[in-house]
Amino acid sequence: MNDPHKSAALHVAIAGLGTVGAGTLRVLSDQATLIARRAGRPVVVTAVSARDRTRDRGVDLSAYTWFDDPVAMARDSGADVIVELIGGAEGAARQVVEAALDAGRHVVTANKALLAHHGTELAARAERAGVGLLYEAAVAGGIPIIKALREGLAANEIRSVQGILNGTCNYILTTMRETGRDFESVLSEAQALGYAEADPTFDIDGIDAAHKLALLVSLAFGAPVDLAAVSVQGIRHVSALDIRFAGELGYRIKLLASGERLGDGIDARVAPVMVPLDAPLAHVEGVYNAVVTEGDIVGRSVFQGRGAGAGPTASAVVADLVDLARGHQVPVLGVPVEGLTQAGTAATPGSRPERYYVRLMVLDRPGVFAEVADILREERVSMESILQHGRDPGECVPVVMIVHDTEEEVLKRAIARIATLSTMVEPPRVIRIARL
Ligand SMILES: NC(=O)C1=CN([C@@H]2O[C@H](COP(=O)(O)OP(=O)(O)OC[C@H]3O[C@@H](n4cnc5c(N)ncnc54)[C@H](O)[C@@H]3O)[C@@H](O)[C@H]2O)C=CC1
Ligand SMILES: N[C@@H](CC=O)C(=O)O
Ligand code: NA
């Protein structure tokens, strides 16, 4: 059992020294002894690359070879593993990963945007080169959900995978609810804490969660990564008022990503939803993420942990490095399962009846509600309850309705008609009530 490769150090080069890159350097240095013991050999950083060599990152770079060009580093540094922590689906990040794979080096990345757009092609490239392409940090930060789906749940046919996958959005929704602060100031705080993407619209508009869901769906159902099959809605239109009403009605608003086998296709969607307070996901707060899986043998499993930030993300990057140091080989994406005839392409959202929260902002005039009720009756949308606080004739007032199980298309038709009423002072807000 004396494998000469095992005793030599695993040599690592890191491209990108921002929140995650600097965090990874710190963890590899602070935990070096523990990591070497667990990995069976030292994991040693030999080279680094970032845009600005002089920036103070709180880590000493003097022991590493500096590359101005991360692609040259991927090609020429001689490292066993290139860790890509630059970010973005194109440009330097993509070139670094392609150069590394083509040079026969393993790749570890936290870049869900890159994998959601090019994962299938990059996986084929890695497999052709006989190297690993690992990305535990790309989904749900420090939660080992990639490993769980690929390895821990390997005996199961997965029926659904859903969760809170964006730490920034969850931090914003939680902090707005707890403190009453406004969206913009909480977002700035999430950026300062290192949670947000370089372009935070990726977080707010649900795109980052969609990237992550596309990867989970591929792993869970064995489909190619298909970002276009994910329907996406973000939290931009969730107001402090909706957050308050949700509380009064026994819900928390969460940005939920869900992937579910439906017949021979997959229903994959990201949207803000009302989560009932008795569901575990309602209590996942702040930067925490959670993933709930349903396997045919094991049943429900719940994974929870920090989804963003330097430490949790670096923890996942280092876990991948330890796997590589041990020589652990895994397929990059999901392994196809039977029964998925249109692997990865079939999204059929909206065809199942669901309950919805609808909030209108109306001019408080006699007869307004009768007009709304007429439209709902004509479109066969039935109301379960209605909530209106106080009355202030002539002013605007919010009216909240919970509607019974209704198909999304039917509700959309009714809402489109309601939106045209002259008494509506802003577009109606609609939030699905999750079945969890
Ligand atoms: N911040 C977080 O909590 C998490 C981030 N991620 C992912 O990790 C990756 C890195 O994210 P952060 O560290 O937050 O970003 P960041 O913006 O803090 O750091 C990016 C780094 O890349 C470097 N860089 C940019 N363009 C470059 C180029 N052309 N050549 C060389 N270096 C270049 C920058 O100088 C910087 O050091 C992204 O893919 C992100 O989506 C994943 C999970 C959590
Ligand atoms: N911006 C992302 C970072 C981790 O993936 C998030 O907020 O979850
Ligand atoms: Na993870």
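The model shown is predicted, which means the values in this text are computed figures rather than measured ones.

Overview of the overall build of the protein
Then comes step 1: Tallying secondary structure elements over the protein gives 15 helices and 16 strands in all.
Then comes step 2: For the protein, whose C-alpha radius of gyration is 24 Å, the value lies close to the compact-globule estimate of 22 Å for 436 residues.
Then comes step 3: Here the C-alpha coordinates of the protein stretch approximately 80 × 50 × 35 Å along the principal axes.
Then comes step 4: Taking the contacts inside the protein whose residues are at least 6 apart along the sequence as the reference set, 76% of them involve residues at least 24 apart.

Quick look at the pairing of strand E16 (residues 424–433)
Then comes step 1: Both strand E10 (residues 265–276) and E16 contribute to a ladder of two bridges, which runs parallel. Looking at E16, one finds that Val273 is bridged to Arg432.
Then comes step 2: Two elements, strand E13 (residues 354–363) and E16, share seven bridges in a ladder whose sense is antiparallel. Residue pairing in the sheet places Arg359 in a bridge with Arg429 of E16.

Digging into the site of ligand 1
Then comes step 1: What surrounds ligand 1 is a group of 28 residues, the closest being Gly16, Gly18, Gly87, Ala92 and Ala308.
Then comes step 2: In terms of residues, the shell around ligand 1 owes the most to one element, helix H2 (residues 19–30), which gives three residues.
Then comes step 3: The residue inventory of the shell around ligand 1, partitioned by class, reads 14 nonpolar, eleven polar and three charged.
Then comes step 4: Counting contributing residues, the shell around ligand 1 receives three or more from each of domain 1 (4–138) and domain 2 (148–308).

As for the UniProt feature "active site" (unreviewed entry) in the protein
Then comes step 1: Per the UniProt entry, the sites bearing "active site" (unreviewed entry) are Lys212 in this numbering.
Then comes step 2: Locating Lys212 in the fold gives a position in helix H11 (residues 207–221).
Then comes step 3: Residue Lys212 is classed as buried on the basis of its 28 C-beta neighbours within 10 Å.
Then comes step 4: Contacts of Lys212, omitting those with residues within four sequence positions, involve Lys112, Ala138, Val139, Ala140, Leu165 and Ala257.

A short note on the sheet that holds strand E4 (residues 81–84)
Then comes step 1: The six strands lie next to each other as E3-E2-E1-E4-E5-E6, forming an open sheet whose pairing is parallel. Only two strands of the sheet have a single neighbouring strand rather than two, namely strand E3 (65–67) and strand E6 (133–134).
Then comes step 2: The pairing of strand E1 (residues 10–15) with strand E2 (residues 43–49) spans six bridges and is parallel. Paired with Ala15 across the two strands is Ser49, which belongs to E2.

Thoughts on the nonpolar core
Then comes step 1: The biggest cluster of nonpolar side chains holds 138 residues, and the ones touching the most others in it are Val12, Ile14, Ile82, Leu213, Met274, Val317 and Leu321.
Then comes step 2: At eleven residues, the largest contribution of residues to this core is made by H11.
Then comes step 3: If near-sequence neighbours (up to four positions away) are discounted, Val317 is found in contact with Val20, Thr24, Val83, Val108, Ala110 and Ala137.

Observations concerning the site of ligand 2
Then comes step 1: Around ligand 2, a shell composed of Gly141, Asn166, Gly167, Thr168, Tyr195, Ala196, Glu197, Asp203, Asp208, Gly307 and Ala308 is seen.
Then comes step 2: Among the residues forming the shell around ligand 2, the class breakdown is three nonpolar, five polar and three charged.

Some words on the environment of Asn166
Then comes step 1: With respect to the secondary-structure elements, Asn166 resides in the loop between strand E7 (158–164) and helix H8 (167–179).
Then comes step 2: For Asn166, a count of 34 C-beta atoms within 10 Å translates into the label buried.
Then comes step 3: Once the C-alpha coordinates of Asn166 and Thr179 are considered, the two residues, 13 residues apart in sequence, prove to be 20 Å apart.
Then comes step 4: Apart from residues no more than four positions distant in its own chain, Asn166 is found in contact with Asp203, Asp208, Ala209 and Leu255.

The rules behind the values
Residues numbered from 1 in each chain as written. Chains lettered and ligands numbered in written order. Predicted model: local features only at pLDDT ≥ 70, side-chain atom pairs only at ≥ 80, totals over all residues. Helix = DSSP H or I, 4+ residues; strand = E, 2+ residues; numbered from the N terminus. Rg over C-alpha atoms; globule rule 2.2 N^0.38 Å. Contact = placed C-beta atoms within 7 Å. Pairing = 2+ DSSP bridges. Near = placed C-beta within 6 Å. Nonpolar A, V, L, I, M, F, W, Y, C, P; charged D, E, K, R; others polar. Domains from an automatic or database assignment. UniProt positions renumbered as here; feature names shortened; annotations may be inferred. Buried ≥ 20, exposed ≤ 12 C-beta atoms within 10 Å, placed from the backbone. Core = buried A, V, L, I, M, F, W, Y, C linked by C-beta atoms within 7 Å.

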